[in-house]
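One letter stands for each residue in the lines below.
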Amino acid sequence: MLDAINLTCIRDERTLFSNLSFSVSAGEMVQVAGQNGAGKTSLLRLLAGLSQAEEGEVHWQGKTLPRNRDVYHQDLLWLGHQPGIKTVLTAFENLSFFHGGGDEARLWQALTEAGLVGFEDVPVNQLSAGQQRRVALARLWLSHARLWILDEPFTAIDAAGVEKITRQMVRHTNEGGMVILTTHQPLALSFVRQIVLQEAQS
Ligand SMILES: Nc1ncnc2c1ncn2[C@@H]1O[C@H](COP(=O)(O)OP(=O)(O)OP(=O)(O)O)[C@@H](O)[C@H]1O
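Looking up the chain in an unreviewed UniProt entry gives the name Cytochrome c biogenesis heme-transporting ATPase CcmA, with the organism given as Dryocola boscaweniae.

Inspection of every chain in the model, using the stated rule, returns 6 salt bridges. With a shortest N-O distance of 2.4 Å, Glu-175 and Arg-171 are connected by a salt bridge. Taking the relative accessible area as the measure of exposure, Glu-175 reaches 60% and is therefore exposed.

Below, the discussion takes up the side chain of Thr-64. For Thr-64, the location among the structural elements is in strand β5 (residues 63–64). By relative accessible area, Thr-64 is classed as buried at 16%.

This part takes up the sheet that holds strand β2 (residues 14–24). One open sheet holds the 4 strands; their spatial order is β2-β1-β4-β5, and the pairing between them is antiparallel. In this open sheet, the two strands that pair with only one neighbour each are β2 and β5. The sheet contact formed by strand β1 (residues 2–11) and strand β4 (residues 55–60) spans 5 bridges and is antiparallel. Paired with Thr-8 across the two strands is Glu-55, which belongs to β4.

Now for the environment of Gly-39. By the element assignment, Gly-39 lies in the loop between β3 (29–33) and α1 (40–47). In sequence terms Gly-39 and Val-196 are 157 residues apart; their C-alpha atoms lie 10.0 Å from each other. Apart from the residues lying within four places of it in its own chain, the contact partners of Gly-39 are Leu-16, Phe-17 and Leu-197.

The next subject is the site of the ligand. Lining the immediate surroundings of the ligand are 14 residues, of which Arg-14, Lys-40, Thr-41, Ser-42 and His-184 lie closest. Here an oxygen atom of the ligand sits 2.5 Å away from a polar atom, N or O, in the side chain of Arg-14. Isolated, the ligand exposes 650 Å² of accessible area, and the fraction of that covered by the protein chains is 59%. When contributions to the shell around the ligand are tallied by element, the ones reaching two or more residues are β2 and α1. Ranked by residue count, the leading element in the shell around the ligand is α1, at 3 residues. Each residue belonging to the shell around the ligand can be placed in one class, and the counts come to 2 nonpolar, 8 polar and 4 charged.

Attention now moves to the pairing of β3. Most of β3 sits out of view: 5 of its 5 residues are buried. Burial along β3 is two-sided: Met-29, Gln-31 and Ala-33 facing one way and Val-30 and Val-32 facing the other are all buried. Across 3 bridges, β3 lies against strand β8 (residues 178–182) in parallel orientation. For Gln-31, the partnering residue across the bridge sits in β8 and is Leu-181. Note that β3 and strand β9 (residues 193–196) share 4 bridges and pair parallel.

Both β1 and β2 contribute to a ladder of 7 bridges, which runs antiparallel. Looking across to β2, one finds that Leu-2 is bridged to Val-24. Hairpin connection, β1 to β2: the antiparallel pair is bridged by 2 residues, and Asp-12 has positive phi, about 55°.

A few words on the side chain of Gln-31. Considering the arrangement of structural elements, one finds Gln-31 in strand β3. Residue Gln-31 is classed as buried on the basis of its relative accessible area of 7%. A distance of 3.2 Å separates a polar atom in the side chain of Gln-31 from the backbone oxygen of Thr-183. Leave out the neighbours within four places in its chain, and Gln-31 touches Leu-181, Thr-183, Gln-185, Leu-187, Val-192, Arg-193, Gln-194 and Ile-195.

Below, the discussion takes up helix α4 (residues 104–113). The complete set of buried residues in α4 reads Leu-107, Ala-110 and Leu-111. Looking down the long axis of α4, one finds its buried residues gathered within 100° of arc, a one-sided arrangement. Looking at the buried positions of α4, the neighbouring elements they touch are α3 (91–98). Immediately beyond the C-terminal end of α4, within one or two residues, lies Gly-115, with a positive phi of roughly 75°.

About the thresholds
- Residues numbered from 1 in each chain as written.
- Predicted model: local features only at pLDDT ≥ 70, side-chain atom pairs only at ≥ 80, totals over all residues.
- Heavy atoms only, no water.
- Salt bridge = Lys/Arg side-chain N within 4 Å of Asp/Glu carboxyl O.
- Buried < 20%, exposed > 50% of the residue type's maximum accessible area, 1.4 Å probe, protein only.
- Helix = DSSP H or I, 4+ residues; strand = E, 2+ residues; numbered from the N terminus.
- Pairing = 2+ DSSP bridges.
- Contact = heavy atoms within 4.5 Å.
- Near = heavy atom within 4 Å.
- Polar contact = N/O pair within 3.5 Å; in protein donor to acceptor, adjacent residues only side chain to side chain.
- Areas by Shrake-Rupley, 256 points an atom, 1.4 Å probe, with all protein chains shown as cover.
- Nonpolar A, V, L, I, M, F, W, Y, C, P; charged D, E, K, R; others polar.
- Arc of directions from axis to C-beta.

This is the structure we're talking about:
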């Protein structure tokens, strides 16, 4: 279980949120919502352990992130705003880099699911914006991480791609995984819990 406990986040002398507490359990999908600049990415980065809250703590399986860092890194799949891929490498090389171990069949399955077959040998910097995003998202078909934290996964993705990624997120939660995401697109899923960040205070 992930617990956010009394989180306060201040950026540029503005309090984005304060005393924010919630928990995410196995099988849950949570959407962090709010207008541009409300603090969604800032919250996701705190949850991923990439930045520190001014106050409060994030716990994974009952322990603070600093005390549980190794386990957390194994259990977490973080896909940030930036695709986080190496643009001089091909799609296939990127996926091999993230999920080495010689299981080429799984890499090909992920490339297929992500709609990248035929483009696997093209350097990523020659792919379209949506295809580059798909290289990052292909990890959703490779990862064994229990917790997925996804910042705007649908950016630059076409409608068919959005549907496919959504199905994969549902499959993950049905198997006991957890998903925390931000998206400005409506999610056609009734069971998604929303955490709405209100307008920033000055
Ligand atoms: N490292 C930083 N230094 C200074 N200000 C920051 C930093 N990171 C974020 N901010 C500010 O915090 C506010 C919230 O940013 P954040 O990216 O969390 O918003 P968001 O809700 O994800 O927005 P969007 O919907 O546009 O992606 C913004 O006003 C931003 O300028």
